[in-house]
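Descriptive analysis of the structure
Below, each chain spelled out in residue letters.
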Amino acid sequence: MTPDPELRRDEPPGDSTVTMVMPGATLGPYRIESKLGQGGMGEVFRAVDTRLGRAVAIKTMHERFSARFEREARAIASLNHPHICTLHDVGPNYLVMELVEGETIAARLKRGPLPPKTALLYARQIAAALVEAHGKGITHRDLKPGNVMIAKSGVKVLDFGLAKSRDDETLTAAHAVMGTPAYMAPEQREGKPADARSDIYAFACVLYEMVTGARSGHARKRMPSRTLERIVNRCLEEDPGRRWQSAVELERELEAADDSRWKRAIPVAAAVVLLLAGAYVYFHRAPKLTDRDTIVLADFKNSTGDPVFDETLRQGLSIQLEQSPYLSLISDERVQRTLRLMGQPSDARLTPELARDVCQRTASAAVLEGSIVSLGSQYVLGLRATNCRTGEVLDEEQARTAKKEDVLDSLSQIASRFRTRAGESLSTIKEHATPLEEVTTPSLEALQAYSMGRKAVNASAASAVPYFQRATGIDPQFAVAYAWLGRAYSDSEQRTSALEATTKAWRLRDHASDEERFFIDFSYQRLVLRNVEKARQTLQLWSRTYPRVIDPHAFLGASTSMLLGKFEEAAAESQKALELDPDDAYGYVNLDLSYVCLNRLPEAEEVLKTAADRKVEIPEVLADRYSIAFVKGDQQEMQRLPALAEEKYGAGEWIQSWMSDRQGDVLAYSGHLKGATAKSLRAVEIALQAGRRESASQHEAGVAVREALFGNALEAQRAARATLQLSDNQDAEYGAALALALSGETARTLQLADDLDKRSPEDTIVQLSYLPVLRAAVALNRGDPSKALELLQAAAPYELGHLGVNSQGFVGSLYPIYMRGEAYLGAKRGAEAAAEFQKILDHRGIVVADPIGALAHLEIGRAYHLAGDANQAKAAYHDLLMLWKDADPDIPILKQAKTEYSTLQ
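A brief structural summary. (Residues numbered from 1 in each chain as written. Predicted model: local features only at pLDDT ≥ 70, side-chain atom pairs only at ≥ 80, totals over all residues. Heavy atoms only, no water.)

**Things to note about the overall build of the protein**
- When helices and strands are counted, the protein shows 41 helices and 17 strands.
- The buried share of the protein, taken over its 905 residues, is 56%.
- In the form shown here, the protein has an accessible surface area of approximately 38200 Å², with 50% of it arising from carbon and sulfur atoms. (Helix = DSSP H or I, 4+ residues; strand = E, 2+ residues; numbered from the N terminus. Buried < 20%, exposed > 50% of the residue type's maximum accessible area, 1.4 Å probe, protein only. Areas by Shrake-Rupley, 256 points an atom, 1.4 Å probe, with all protein chains shown as cover.)

**A short note on helix α12 (residues 352-361)**
- Those residues of α12 lying buried are Leu354, Ala355, Val358 and Cys359. Down the axis of α12, the buried set is contained in an arc of 145°. They therefore lie on one face.
- Buried-residue contacts for α12 involve β13 (295-297), α11 (332-341) and β15 (366-375).
- A positive backbone phi angle near 55° is found at Ala363, which sits one or two residues after α12. (Arc of directions from axis to C-beta. Contact = heavy atoms within 4.5 Å.)

**Examining the sheet that holds strand β9 (residues 103-104)**
- Strand order across the open sheet formed by three strands is β9-β10-β11, with antiparallel pairing between neighbours. Two strands in the sheet have a free side with no partner beyond their single neighbour: β9 and β11 (154-157).
- Of the strand pairs in this sheet, strand β10 (residues 148-151) and β11 are connected by four bridges, and their pairing is antiparallel. Bridge pairing in β11 links Val148 to Val157.
- Relative to the sheet, helix α3 (residues 116-135) contacts β10 and β11, its axis offset from that of β11 by approximately 35°. (Pairing = 2+ DSSP bridges. Axes fitted to C-alpha atoms, helices over the stretch in contact; angles between N-to-C directions.)

**Quick word on the packing of helix α22 (residues 550-563) against helix α24 (residues 585-597)**
- Packing of α22 against α24 brings their axes to within 9 Å, and their N-to-C directions diverge by 40°. What the angle tells us is that α22 and α24 run oblique. As for how α22 packs across α24, the hand of that crossing is left-handed. Where α22 abuts α24, its residues Ala554, Gly557, Ala558 and Met562 lie against Asn590, Leu593 and Ser594.
- For the contact of α22 with α24, a count of residues per class yields four nonpolar, three polar and no charged. (Parallel < 35°, antiparallel > 145°, perpendicular 65-115°, else oblique. Left-handed = near helix turned anticlockwise from the far one by under 90°. Nonpolar A, V, L, I, M, F, W, Y, C, P; charged D, E, K, R; others polar.)

**So, helix α35 (residues 785-792)**
- Taken together, the buried positions of α35 are Pro785, Ala788, Leu789 and Leu792. Within α35, the buried residues cover an arc of 100° as seen down the axis, which keeps them to one side.
- Tucked into the core, α35 has its buried residues touching α34 (764-781) and α36 (815-826).

**Remarks on the nonpolar core**
- Judged by nonpolar contacts, the single largest core of 115 residues is most densely connected at Tyr734, Leu738, Tyr815, Ile840 and Trp884.
- When residues of this core are assigned to their parent elements, the largest contribution, nine residues, is made by α34.
- Not counting the four nearest positions on each side in its chain, Tyr815 is found in contact with Val705, Leu709, Tyr734, Leu738, Val773, Phe810, Asp850, Pro851 and Ile852.
- Counting 69 residues, the second largest nonpolar core, distinct from the first, contains Phe300, Tyr326, Leu394 and Phe518. (Core = buried A, V, L, I, M, F, W, Y, C linked by side-chain atoms within 4.5 Å.)

**Examining the pairing of strand β16 (residues 378-387)**
- By the criterion of burial, β16 is predominantly enclosed, with eight of the 10 residues buried.
- As defined by bridge partners, β15 adjoins β16 across 10 bridges and the pair is classed as antiparallel. Residue Ala366 lies in a different strand from β16, and its bridge partner there is Asn387.
- Counting the residues that bridge the hairpin from β15 to β16 gives two residues, and of these Gly376 lies at a positive phi of roughly 70°.
- Judged from the eight bridges that link them, β16 and strand β17 (residues 393-401) form a sheet pairing that is antiparallel. Residue pairing across strands places Leu383 opposite Glu397, the latter belonging to β17.

**Remarks on the side chain of Asp888**
- As for its placement among the helices and strands, Asp888 is situated in the loop between α40 (870-883) and α41 (892-904).
- Of the buried charged residues, Asp888 lacks a salt bridge, with Lys674 as the closest side chain of opposite charge at 4.5 Å.
- Reaching out from Asp888, the side chain makes a polar contact with the backbone nitrogen of Leu673 at a distance of 2.9 Å. (Lys, Arg positive; Asp, Glu negative; His and termini not counted. Salt bridge = Lys/Arg side-chain N within 4 Å of Asp/Glu carboxyl O. Polar contact = N/O pair within 3.5 Å; in protein donor to acceptor, adjacent residues only side chain to side chain.)

**Side note on the side chain of Thr362**
- Note that Thr362 resides in the loop between α12 and β15.
- Within the local environment of Thr362, its side chain forms a polar contact with the side chain of Ser364, the two groups lying 2.9 Å apart.
- If we ignore the near neighbours within four places in the chain, the residues touching Thr362 are Val296, Ile330, Arg334 and Thr338.

**So, the environment of Gln730**
- Topologically, Gln730 is positioned in helix α32 (residues 730-742).
- Sequence separation between Gln730 and Tyr770 is 40 residues; the distance between their C-alpha atoms is 9.2 Å.
- The residues contacting Gln730, other than those within four sequence positions of it, are Arg495, Arg530, Leu756, Arg759, Ser760, Asp763, Val766 and Tyr770.
- Polar contacts involving the side chain of Gln730 include one to the side chain of Ser760, which spans 3.1 Å.

The values reported here are purely geometric and, on their own, carry no functional implication.
Here it is as structure tokens:
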């Protein structure tokens, strides 16, 4: 940044350089208006963003605190919460933050203590901010009244200048004492590492001061509330192990202390009026539910004799309650897993008694029991909420309807009333409570078929297809049923039908609830458009709107973030999914895979151990264990796992094709090409026998690329043609095109690349990985490495993406890097080429047994030789020859490597 004329630098005694900013000065696009305050580390100014006309706060930092400046920027940037000050922008020596109008709690306390209710309100908001920060691994370390601003919308926690993330131990490692003494926990004052419990200690100091007007000390005043005094005393324990261990626990205690939220009741007279009008409400007592509790929904008791109400009303109530960002239902999948652990059939009828057992096993708060009875020509719907530990009735609702066609409308009404009783705000109910017949379906028969499909899909995607087909046949406007039909088709590898159903759902998305619309949008973006970045943005918005729904976190933790190479994000999202459902097997698989991609193998193994301890293993867990064993070189474990997989899961198609394909990859990695091809073709055969042509095509594509890389052009071309005969899905077509490019068939490669481009204009992976690699390969074939390097620039943002998530056979992770290395070799730029191939060697967890992981040793040797580093070149060639010490002797690229190595001696 060019220094502004109004900017000057002074050197205060005993301090390092300080940047002084005067009113009227500009920092980038920001015009300084006035000074708001200053502290030991810097100054804060009111300013205007001249581009947007928005008032902002700008914080400058003394140069000797630059590390803290960077720490604060990173900390605030990772947080998004209504009670944490928002970071707008970062400059070279300043932060641009939300301008919070108001006064700090410290300023307010100069006029005396706060009323207890106000103090409790602010305390809950501060605790919520700590939950958000601690959830991101950030400890504030300087929480005090001066760092909490009172605004119109509530309090805002400020100043993360001393914040510490999980990976940031620089200050504590030096035993530095950081913070404000009056609010520091004992361990901080002693220079020991601070964690979430240190913030909880400081929080109690702030709460005590808000209520009493005095600072916490050895002789504390009595507080006006015994509950608050108990909370504060525990937070202020000298031993961190005796405090609340997380901000989540603290927040729950504050929720329980706020009795005023439950002081709502409906007069009996009003209930009588409603009964005479055709519906009535009997409110036994206000339910003690919080936005941290979960609920088990039992099956409805149908006493009408009409089977159309079987399954239907429970599904309808579930859809209505799932619109709530406040409530959280235990998913059907988790209910089924819990039933199996209880020794019950997974499809057992969820009676109230069985539902209470499930409720207790899942640490849920309440069971909802529904009922419908006929009364002459009318119907009476009932709903009861019961505390599953105490048996206390929390709420009872009833509604009467004159005709069958109005039952769903009545169900919507009692669902909305229950949400009010549960403590949800009227504003969110108003925003997210569209009646069933408007957003889902007005047909009981269609809803019944949809419900049966949702139950079936957890066991078998193919078995669910007829139910979803029936639901959409009865009601052609049933948007979410089309979305689930598309998912069932996709999981059954009926790609054309999947695309048609998902597109239909997206066109009808206005006929869906807000929560369903997120699922529909995501499905369309991921399956039809294959636009991973758009899908990621939808999932992020979904998770913010419905923070208690597991699906957006699960999808982010799976293919979406990993395809983009965002493995830290994937791990964090998988952890959130597991917090919502600790028995989610795929959550463990995704978390483990994230750690493997990050080369954090001990953590990955610990994740799988936890999964095994909870008895939630699935075949994919064994696949991950096999990958870890390979990366570690644990041959004994690799030999044991295929037999264990067959013992646990039998001779099923997935496990058999997985074993054959993975074993083929491993054989090829060590140069046993003939054995590898036999294993891969066995995987093709197994997949075809099961009717899975797309999986078969990917196995065949793996054979084609491998043969091309190893120099067998004719075999590569044969396998590429076989791949295209099996399927034209984008991933297989790319594999075939790459094999053809590597074996010299330039014209056919360009035809396939143009076809991919035309078919998939928004496909993130096609546009930013597949096409750059293919066109760069063509440029290299034509002797133009500079053009190849130019084409590969588009792939740089996502080049570390793990393209093998949820796939079998060839996937091509890190191929943009491999091709860029080849281009640098072609341009005689040895040092740059070596850097690219080193990336492949450094990311074993992503590459696993892909052949480029082995060939990178040869290519980096060529790069070092080109750069004039003979010793490094010899070592790299030697690594490959040792890896392939008993390889098939007729592999063309092995022969080349031996010849080249001999010239280096």
